[in-house]
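# Close look at the chain arrangement
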Amino acid sequence: QVQLVESGGGLVQPGGSLRLSCAASESIFSFTDMGWYRQPPGKEREWVATITRTGNTNYPGSVKGRFTVSRDNAKNTVYLQMNSLKPEETAVYYCTAQTNKWGRISRYWGQGTQVTVSS
């Protein structure tokens, strides 16, 4: 069973930066893609960033240019660098990973880490 463990959340002031980490229990090359979602209080979960097995990255317009997803293959870890944070980006941030084994697609989620943007 794939396990994803996030860390790095906390309280940050508006305009500040934070880096989240997601450690996977197996090689990140076993995943077709990894990424991040967030769920603000009282709202639906929304996509934040994706990094594919080949290293391509994608972001929604709301975070493009401020957030960067990257990975450390040796540590089986994916990161989310968040800059110029806004109060409305307060949310629980979730790491996610997808596998495709013998045609069966599965998606896994971490437990989430709280990010609070407030002065």
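Preceding block: the structure.
Report on the accompanying structure. (Residues numbered from 1 in each chain as written. Predicted model: local features only at pLDDT ≥ 70, side-chain atom pairs only at ≥ 80, totals over all residues. Heavy atoms only, no water.)

Helices and strands together make up the secondary structure of the chain, namely zero helices and 11 strands. Going residue by residue from the N terminus, the α and β elements of the chain occur as β-β-β-β-β-β-β-β-β-β-β. Whereas a compact globule of 119 residues would reach a radius of gyration of roughly 14 Å, the chain reaches 14 Å, a difference of no more than 12%. If one aligns the C-alpha atoms of the chain with their principal axes, the spans along those axes are about 50 × 25 × 25 Å. Looking at the 119 residues of the chain, the share that counts as buried comes to 44%. Within the chain, contacts between residues separated by at least 24 positions form 53% of all contacts whose residues are at least 6 apart in sequence. When the accessible area of the chain is evaluated, it comes to approximately 6300 Å², of which 46% is carbon and sulfur surface. (Helix = DSSP H or I, 4+ residues; strand = E, 2+ residues; numbered from the N terminus. Rg over C-alpha atoms; globule rule 2.2 N^0.38 Å. Buried < 20%, exposed > 50% of the residue type's maximum accessible area, 1.4 Å probe, protein only. Contact = heavy atoms within 4.5 Å. Areas by Shrake-Rupley, 256 points an atom, 1.4 Å probe, with all protein chains shown as cover.)

Mapped onto the elements of the fold, Gln3 is located in the segment before β1 (4–7). Since its relative accessible area comes to 52%, Gln3 is described here as exposed. Gln3 has contacts with Ala23, Ala24 and Ser25, leaving out every residue within four places of it along the chain.

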